[in-house]
Each structure stands twice: as structure tokens, then as C-alpha cells.
Amino acid sequence: RHTSPKDRLESEGILAKALPIQELDSLPSFALVKEATDDLADITRNFNSAENPKFVVVIDNSASILQGIDSVDFNELLIGVLAICDGMKLNNYDISFRSLDNNLADLTALPFDVDVTNLQKVFQSIQSDFEGQNLHGVLLVSDGIYNQGISPAFASYPFQIFTIGVGDTIPKRD
């Protein structure tokens, strides 16, 4: 049995999405074009719904941090980081804070007692948590000393990593 394009489109439920026209048999592709146009409009609406850009600040809270910088100097540095974040918030950025071992709610109560510094784990966690989101970058405040995971210099991530290095650049003598 031969079915007309109109019958085929009605049986597949596609015709219901098309605008009514008198002679659909003479324009069998109209319903398909209409369905694709509707789908494209939905995608465009979702794409155009503005999602604020996101930025993550990672504070290295390993024990080695306070061995290389005075706590007063580090607190001043954190105040500067918070000022940068306030400026970003004025430009509609959503800011998240993390330490090496968890998400941060309060920078002032951050203990510097983590024995393991695995920057790879932190960056992979951020990559996973912000997948498909508008992540503009990560600011890492660290002494750069890591003792687990791959060196950040040899890893690739889908976001920019900005760094503020803290500590002393002169190696300690035995």
C-alpha cells in the first residue's frame, strides 16, 4: 500500500507540529522544515538565556603555605583576592571558593593543615563540577609545591588557570 507524504507525516506525529496548509501532499517537506525550525528556536532560546560567567578561587591550605609566608602577609593577600572577586561580582561573575580538601564558605577560618597537595585532583574536580557551565577560569593561590598527582605544568584543562605564587623563592638550606 502506497501512503502519501501527508499520511506518513500524520502517522509519525510530525504533521501536528506543522502549520495547517491545504495541500500538504504537494509540499511534503514543509512539516519537516517546520519541526526543525521549532527545534532550532528552542535551542536558540536555551542558548540565549544568559548564564553568568563563573570563576573559581582555589586557596592552597597545605601546611607548607605558612612555612613560606608570614600569616599577616597571607591575610593581606587574601584581602586583595577578595577585592578582586568583589570587582568581578560587579561584572556579574559568580565566584566559588575552594581549598585543597573542600569547598570554602569562610576564608577567615581556613586551617592550613593539609598534608597532601594534589593540584591535579582539585582541577579535575572543578572540571567535573563545572562541565557544561560558563567557567571562565580558576585563580590558584599556592606555593606551587605539590606532592601528589601530575604536575599542573603537564596537564591540560578546558579553562584558564591564573596563579598567585606565595612563599619564598630561595631554597631552604639544610
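Relevant structure appears above.
Residues numbered from 1 in each chain as written. Predicted model: local features only at pLDDT ≥ 70, side-chain atom pairs only at ≥ 80, totals over all residues. Heavy atoms only, no water.

Draft legend 1. Just the environment of G137, in detail. Within the secondary structure, G137 sits in strand β3 (residues 135–142). The class of G137 is buried, set by a relative accessible area of 0%. As a C-alpha pair, G137 and V56 span 81 residues in sequence and 6.5 Å in three-dimensional space. If sequence neighbours within four positions are ignored, G137 has contacts with K54, F55, V56, F159, Q160 and F162. (Helix = DSSP H or I, 4+ residues; strand = E, 2+ residues; numbered from the N terminus. Buried < 20%, exposed > 50% of the residue type's maximum accessible area, 1.4 Å probe, protein only. Contact = heavy atoms within 4.5 Å.)

Draft legend 2. View of the pairing of strand β1 (residues 54–59). Counting buried positions along β1 gives six out of six residues, so the element sits mostly inside the fold. Here β1 pairs with strand β2 (residues 94–99) via six bridges, running parallel. Counterpart to V57 in the pairing with β2 is F97. (Pairing = 2+ DSSP bridges.)

Draft legend 3. Seen up close, helix α4 (residues 71–90). An ideal rise of 1.5 Å per residue puts 28 Å on 20 residues; α4 measures up with 29 Å between its terminal C-alpha atoms. For α4, the set of buried residues is F74, L78, V81, C85 and M88. Burial along α4 is one-sided: seen end-on, the buried residues are contained in an arc of 70°. Exposed side of α4, more than 90 degrees from the buried face: E76, I79 and L90 are the residues found there. The elements touched by buried residues of α4 are β1, α3 (65–68), β2, β3 and β4 (160–165). (Expected span 1.5 Å × (residues − 1). Arc of directions from axis to C-beta.)

Draft legend 4. Seen up close, the nonpolar core. Core analysis: the biggest nonpolar cluster contains 19 residues, and V57, I59, F74, I95, F97 and V141 have the highest contact counts within it. The set of elements that each furnish at least two residues to this core consists of β1, α4, β2 and β3. Per-element accounting of this core gives the leading share, five residues, to α4. Among residues more than four places away in sequence, those in contact with V57 are V81, C85, I95, S96, F97, R98 and L139. If you look at the next biggest cluster of nonpolar residues, it comprises 14 residues, including V114, I126, F130 and L135. (Core = buried A, V, L, I, M, F, W, Y, C linked by side-chain atoms within 4.5 Å.)

Draft legend 5. Helix α5 (residues 119–129), seen in detail. Taken together, the buried positions of α5 are occupied by L119, Q120, V122, F123 and I126. Buried residues of α5 fall within an arc of 165° about the axis and therefore sit on the same side. On its buried face, α5 sits against β1, β2, β3 and β4. Taking the backbone nitrogen of Q120 as reference, a side-chain oxygen 3.3 Å away marks N118 as the first, capping residue of α5. (Polar contact = N/O pair within 3.5 Å; in protein donor to acceptor, adjacent residues only side chain to side chain.)

Draft legend 6. Layout of the sheet that holds β4. Across the sheet, four strands lie side by side as β2-β1-β3-β4; this open sheet has parallel pairing. Because the sheet does not close on itself, it has two edges, and the strands there are β2 and β4. Sheet twist, expressed as the average angle between the axes of neighbouring strands with direction ignored, equals 20°. On top of the sheet, α5 reaches β1, β2, β3 and β4; it is set at about 160° to β3, its chief contact. (Axes fitted to C-alpha atoms, helices over the stretch in contact; angles between N-to-C directions.)

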